[in-house]
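Summary of the model geometry
This is what each chain is made of:
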Amino acid sequence: MDAITDNLDLFVSGYWTSLKICLIALVGSLVLGTIIAACRVSPVAPLRWIGATWVNMIRNAPLTVLLFFFAFGLPEIGVLGSYWVFGVSALIIYTSAFVCEALRAGINSVSSGQAEAARAIGLPFGATLREVILPQAFRTSIPPLGSVLIAMFKNSAVLGAFGVGGDLFSVSDTLTSARGYAATPVLLGVAVGYLLITLPAGALLALLERKTAILR
Amino acid sequence: MRSKTLIALLAAGTIALAGCGGTTPTESTTEPMTSDAASEPMASTDTPTFEAGTTMAKLADAGKMKVGTKFDQPGFGLKGLSGGPEGFDVEVAKIIAGAMGITADNIEWVETPSKVREEVIEQGKVDMVVATYTINDKRKERITFAGPYYVAGQQLMVAADDDSIIGPESLKEQKDKKVCSVTGSTPAENIKEYLASDSQLVLFDVYDKCADALRTGQVQAVTTDNVILLGFVSESDGKFKLVGEQFTEEPYGIGITKGDVAFCEFINTTLKDNEDAYNKAWDSTAGAVEGASPAKLPAAEPCS
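Going by what an unreviewed UniProt entry lists, chain B is known as Glutamate ABC transporter substrate-binding protein and is assigned to Tessaracoccus antarcticus. What UniProt states about chain B under its Sequence similarities (unreviewed entry) heading is, verbatim, "Belongs to the bacterial solute-binding protein 3 family."

Taking an unreviewed UniProt entry as the reference, chain A is identified by name as Amino acid ABC transporter permease belonging to Tessaracoccus antarcticus. According to UniProt, the comment filed for chain A under the heading Sequence similarities (unreviewed entry) is "Belongs to the binding-protein-dependent transport system permease family. HisMQ subfamily." Recorded in UniProt under Subcellular location (unreviewed entry), the annotation for chain A is "Cell membrane".

**Description of helix α5 (residues 83-109) of chain A**
In an α-helix, one turn spans 3.6 residues; hence positions three or four apart end up facing the same way. The first and last C-alpha atoms of α5 of chain A sit 39 Å apart over 27 residues, in line with the 39 Å expected at 1.5 Å per residue. Taken as a whole, α5 of chain A carries its principal kink of about 25° at S96 of chain A.

**A word on the sheet that holds strand β3 (residues 77-79) of chain B**
Residues and elements named next belong to chain B. Across the sheet, which stays open at both edges, the three strands sit in the order β2-β3-β4 with antiparallel pairing between neighbours. Edge strands, defined here as strands with exactly one partner in the open sheet, are β2 (72-73) and β4 (85-86). Where β2 lies against β3, two bridges are found, and the strand directions are antiparallel. Each residue of the ladder has a partner; that of Q73, found in β3, is G77.

**A few points about a nonpolar patch on the surface**
Residue and element names in this part refer to chain A. A surface patch of nonpolar side chains, about 310 Å² in accessible area, is lined by L8, V12 and W16. Relative to the helices and strands, L8 is located in helix α2 (residues 8-41). On the accessibility criterion, L8 (47% relative accessible area) is partly exposed.

**Points about the nonpolar core**
Among the nonpolar cores identified, the biggest contains 102 residues, and M100, M128, Y149, Y150, I254 and I267 of chain B are the most heavily contacted of them. Among the elements that make up this core, the one with the highest residue count is α5 of chain A (nine residues). Summarising the domain contributions, this core has at least three residues from each of domain 1 (2-152 + 249-288) and domain 2 (154-243) of chain B. Apart from the residues lying within four places of it in its own chain, the contact partners of Y150 of chain B are F76, F88, N226, V227, Q246, E250, P251, Y252, Y278, W282 and P298 of chain B.

**Quick look at the sheet that holds strand β10 (residues 201-204) of chain B**
Residues and elements named next belong to chain B. The strand order β10-β9-β11-β8-β12 describes an open sheet built from five strands, whose pairing is mixed. Strands at the two margins of the open sheet, each flanked by one partner only, are β10 and β12 (240-243). Strand-to-strand, the axes of this sheet are offset by a mean angle of 35°, without reference to chain direction. For strand β9 (residues 179-182) and β10, the ladder comprises four bridges, and the chain directions are parallel. Bridging across to β10, S181 finds its partner in L203. Each of β8 (154-159), β11 (221-225) and β12 touches helix α10 (residues 226-235); the most contacted strand, β11, lies at about 130° to it.

**A word on the confidence of the model for chain B**
Residue and element names in this part refer to chain B. In this model, chain B carries a mean pLDDT of 82, and residues with pLDDT of at least 70 account for 84%. Low pLDDT (under 50) marks residues 9-45, which in the prediction has 38 contacts with non-local residues, meaning those over four places away or in another chain. For this predicted complex, the interface score ipTM comes out at 0.75, alongside a pTM of 0.68.

**Quick look at the UniProt feature "transmembrane region" (unreviewed entry) in chain A**
Following the UniProt record, the feature "transmembrane region" (unreviewed entry) maps to residues 15-39, 60-77, 83-103, 145-166 and 186-208 of chain A here. A helix fraction of 100% and a strand fraction of 0% characterise residues 186-208 of chain A, whose end C-alpha atoms lie 33 Å from each other.

**A word on the packing of helix α4 (residues 88-99) of chain B against helix α12 (residues 275-284) of chain B**
All names here are of chain B. Packing of α4 against α12 leaves a shortest axis separation of 9 Å and a crossing angle of 160°. On the basis of their axis angle, the class for α4 and α12 is roughly antiparallel. The handedness of the crossing between α4 and α12 comes out as right-handed. Counted together, F88, E91 and I95 of α4 and A277, Y278, A281 and W282 of α12 form the full contact between these two elements.

**Thoughts on unusual backbone geometry**
Trans peptide bonds make up most of the peptide bonds, and negative phi angles are found at most residues other than glycine. Residues and elements named next belong to chain B. Residue P148 is bonded to the preceding G147 through a cis peptide linkage, with omega at 5°. Examined against the element boundaries, P148 turns out to sit in strand β7 (residues 143-152). Phi at T132 takes a positive value of approximately 40°, unusual for a residue other than glycine. Although it is not a glycine, D237 adopts a positive phi angle of roughly 60°. Structurally, D237 can be placed in the loop between α10 and β12.

**Digging into the pairing of strand β13 (residues 250-257) of chain B**
All names here are of chain B. Among the eight residues in β13, seven count as buried, and that is most of the element. Sheet topology note: the β7/β13 ladder contains seven bridges and is antiparallel. Residue pairing for β13: Y150 is matched across the bridge by Y252.

**A closer look at the pattern of salt bridges**
A side chain of one charge can pair with a side chain of the opposite charge when the charged atoms of the two come close. For the structure on display, the rule yields 12 salt bridges over all chains. Linking R59 of chain A and E101 of chain A is a salt bridge whose minimum nitrogen-to-oxygen distance equals 3.6 Å. Within this pair, whereas R59 of chain A is found in helix α3 (residues 45-59), its partner E101 of chain A is found in helix α5, the two being separated by 42 residues in sequence. Exposure remark for R59 of chain A: the relative accessible area of 32% places this residue in the partly exposed category. Across the pair R215 of chain B and D212 of chain B runs a salt bridge, and its minimum N-O distance is 2.5 Å. Of this pair, R215 of chain B and D212 of chain B both sit in helix α9 (residues 207-216), separated by three residues, roughly a single helical turn.

Conventions adopted
- Residues numbered from 1 in each chain as written.
- Chains lettered and ligands numbered in written order.
- Predicted model: local features only at pLDDT ≥ 70, side-chain atom pairs only at ≥ 80, totals over all residues.
- Heavy atoms only, no water.
- UniProt positions renumbered as here; feature names shortened; annotations may be inferred.
- Helix = DSSP H or I, 4+ residues; strand = E, 2+ residues; numbered from the N terminus.
- Expected span 1.5 Å × (residues − 1).
- Bend = angle between axes of the 7 residues up to and from the residue.
- Pairing = 2+ DSSP bridges.
- Patch = residues over 30% accessible without salt bridge, like charges linked within 9 Å, V, L, I, M, F, W, Y side chains within 5 Å.
- Areas by Shrake-Rupley, 256 points an atom, 1.4 Å probe, with all protein chains shown as cover.
- Salt bridge = Lys/Arg side-chain N within 4 Å of Asp/Glu carboxyl O.
- Buried < 20%, exposed > 50% of the residue type's maximum accessible area, 1.4 Å probe, protein only.
- Core = buried A, V, L, I, M, F, W, Y, C linked by side-chain atoms within 4.5 Å.
- Domains from an automatic or database assignment.
- Contact = heavy atoms within 4.5 Å.
- Axes fitted to C-alpha atoms, helices over the stretch in contact; angles between N-to-C directions.
- pLDDT = per-residue confidence, 0-100.
- Parallel < 35°, antiparallel > 145°, perpendicular 65-115°, else oblique.
- Left-handed = near helix turned anticlockwise from the far one by under 90°.

In structure tokens:
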């Protein structure tokens, strides 16, 4: 356990870096995912096509391929930028497709009578979605959304291999390879670090689920 | 890979420092040996004779020997589709073999990647290993090192048209410059003290990606041992170059069977007596790459 106690500062800084990546990607993917979901259920056909294409392309590509495209493909065509921005963008885009589908499942669960009633009182599409459908959809979407987001937290470990330094998982590389610590205790420390992100997140989601539960 | 060996590097550094500071004791141990060996016919004489029972006598009698080297290290030991390996390590081995009257044609080259080097020596599969082989205490427990015959060190590689970086110090002054290395490697740890902030360091899993990032302009420098960088420079078609001094020291030795002091001393003397050939070997191989510093035969360590 020396490996962890001796390098606690390294683990803590890795934890914060990972948490920062996760929080930014969380907000980003929720916003982007909601927009794409809105496209997929919109009455405008071209928007539906864009949404469907987006989901089918992004969801069916491995995250590493997306990261490769950002970290090595974009510079190849002259788009230079920080690997941090590239990595987090790729994570947001990747997760947005899953967020979109989780939300769409929620939207589909809202009975069509709700949308018809909203239209009947004269609400336009945007307001129908914003005021009537989405608040109900989010509730139903919380459990699948939670799984998607927790998966995203863990996916953030992959960013370390694409030039995004200092995250929790690359801490293990530094300690085992360069400083010669045994792998098992170091990886245990890393695992605990990720648990410290995902377990509170899971608890928060459970709380959210209880608070928003529909009384039927 | 080498990345596993911070401790080893520290040890190697200590040895190198000891080697620098202790010139006098080193010479006092090698001098008597030199005069002994000088009585023997040296390189390029037709029929060298050696004391019976020594490794040299055995090899000279056989007229052939087996040498372990790398087949994938540009500038040091690189083997193409046909012919033998080429590079500085190969030339050094030829000098030593030549001193025993063995011609280049009679050397059998055995590929020895980093992790098998101690094993092939212990098992007697080769007579010596010349394969970018860093001398360190851990390895000395299993084999004996002759040399060092070259001191490698960490350097910076930049784009050929970039004049803003002239050494690791430039990175501290120019905070917008990014430098790339491999995750968890010793060079990555070493470079940190030259950086103004950790965000200047970009890490990938292999050096190929670093070279790619340098080519596209995502990073402005790549750092690791000059030997690896020279390989990239030579393959880059003039797009990359090395800049600045080496800022770490990794002495390369020639691995032989543990305890073969006579052979070790013979190798050291041979290299010392053939400095011209040594310099020529460097200039025609790894030294031919732009930015490579001229080779200087380091003072040999005492054999043990």
